[in-house]
Amino acid sequence: MAKLIASLHAVSCCDPRCVPEHFFNLRPGEVVVHRNAGGNIRPAIRDIIILDTLVRLDEVIIVHHTDCGTLRFTDQQLRDALKARVDKTHWDEIDGMEFGESSDVIESVKENLNWFQASPLIRDGLKQRTQGFVYDIKTGRVAKVDGAGLLP
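Conventions we followed
- Residues numbered from 1 in each chain as written.
- Predicted model: local features only at pLDDT ≥ 70, side-chain atom pairs only at ≥ 80, totals over all residues.
- Heavy atoms only, no water.
- UniProt positions renumbered as here; feature names shortened; annotations may be inferred.
- Helix = DSSP H or I, 4+ residues; strand = E, 2+ residues; numbered from the N terminus.
- Contact = heavy atoms within 4.5 Å.
- Buried < 20%, exposed > 50% of the residue type's maximum accessible area, 1.4 Å probe, protein only.
- Phe/Tyr/Trp six-rings, centres within 6.5 Å; stacked < 30°, edge-to-face > 60°.
- Polar contact = N/O pair within 3.5 Å; in protein donor to acceptor, adjacent residues only side chain to side chain.
- Pairing = 2+ DSSP bridges.

**Student:** Please explain the UniProt feature "binding site: Zn(2+)" (unreviewed entry) in the protein chain as it appears in this structure.
**Tutor:** The residues that UniProt annotates with the feature "binding site: Zn(2+)" (unreviewed entry) are Cys 13, Asp 15, His 65 and Cys 68. Considering the C-alpha atoms alone, the annotated residues occupy 56 residues of sequence yet fold into one spot, their largest mutual distance being 9.0 Å. Relative to the helices and strands, Cys 13 is located in strand 1 (residues 8-13). Aside from chain neighbours lying at most four places away, what touches Cys 13 is Cys 18, Arg 35, Asn 36, Ala 37, Gly 38, Gly 39, Val 63, His 65 and Cys 68. Overall, the relative accessible area of 16% leaves Asp 15 in the buried class.

Put into structure tokens, the structure is as follows:
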């Protein structure tokens, strides 16, 4: 009997140029991919906890990529743009929002890895089997990143 769901969970950017299934040569059913702007692990933690509780995930991978749109804005710029569109009664809520700004893709992966691995909500075995990667849009190369930086 086939598994009902993959035991590998990837968190990746929603940019259509960054498709972990392709550059990791994964077939349908081998991975669940959570896509969001920037591939930030924080919005994905809910899904990871649910899946790990129900089917026991074996591994989590975090994939960010070069030329990402999140490298082009700050959280404050997005807050200001949002405030220009909504009523002032929502501004306190907007001031508390984080959108995942980043100035360096490698640093972003490191921060995501460190944040996830420090979470008390994630079991130790899964923390130990969480990896980070940077996909280079121009070359198609994938480089591994750990909590300290890019690996050779």
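Next comes the rest of the write-up.
**Student:** How should unusual backbone geometry be read in this particular structure?
**Tutor:** A negative phi holds for most residues other than glycine; trans holds for most peptide bonds. Even without being a glycine, Asn 25 presents a positive backbone phi close to 55 degrees. Considering the arrangement of structural elements, one finds Asn 25 in the loop between helix 1 (20-23) and strand 2 (32-36). Despite not being glycine, Arg 56 shows a phi value in the positive range, around 60 degrees.

**Student:** Help me out: how do you make sense of the packing of aromatic side chains in this one?
**Tutor:** Ring pairs (aromatic) are described by centroid distance and by the angle formed between their planes. Tallied over the full model, the rule gives three aromatic pairs. Aromatic pair Phe 23 and Phe 24: ring centres 5.2 Å apart, planes at 55 degrees, arrangement tilted. Since its relative accessible area comes to 18%, Phe 23 is described here as buried. Between Phe 23 and Tyr 135, the ring centres sit 4.1 Å apart and the planes meet at 10 degrees, which makes this aromatic pair stacked. Taken together, the residues span a long stretch of sequence, with Phe 23 in helix 1 and Tyr 135 in strand 4 (residues 130-135) at a distance of 112 residues. The pair Phe 23 / Tyr 135 is uniform in exposure class, with both members buried. Put simply, the rings of Phe 23, Phe 24, Phe 133 and Tyr 135 pair up and form one aromatic cluster.

**Student:** Help me understand the side chain of Arg 123, please; the structure alone is not making it clear to me.
**Tutor:** In this structure, Arg 123 sits in the loop between helix 5 (105-118) and helix 6 (124-128). The buried category is assigned to Arg 123, whose relative accessible area is 19%. For Arg 123, the side chain forms a polar contact with the side chain of Asp 52, separated by 2.8 Å. Setting aside its immediate chain neighbours within four residues, Arg 123 contacts Asp 52, Arg 56, Leu 57 and Arg 129.

**Student:** Would you take a moment to explain the pairing of strand 5 (residues 142-146) for this structure?
**Tutor:** Within a regular beta strand, the side chains point alternately toward one face of the sheet and then the other, so they alternate between its two faces. Inspection of the sheet shows strand 4 paired to strand 5 by four bridges, in the antiparallel sense. Looking at strand 5, one finds that Gly 132 is bridged to Val 145. Adjacent in sequence and paired antiparallel, strand 4 and strand 5 are bridged by six residues, among which Gly 140 carries a positive phi angle near 80 degrees.

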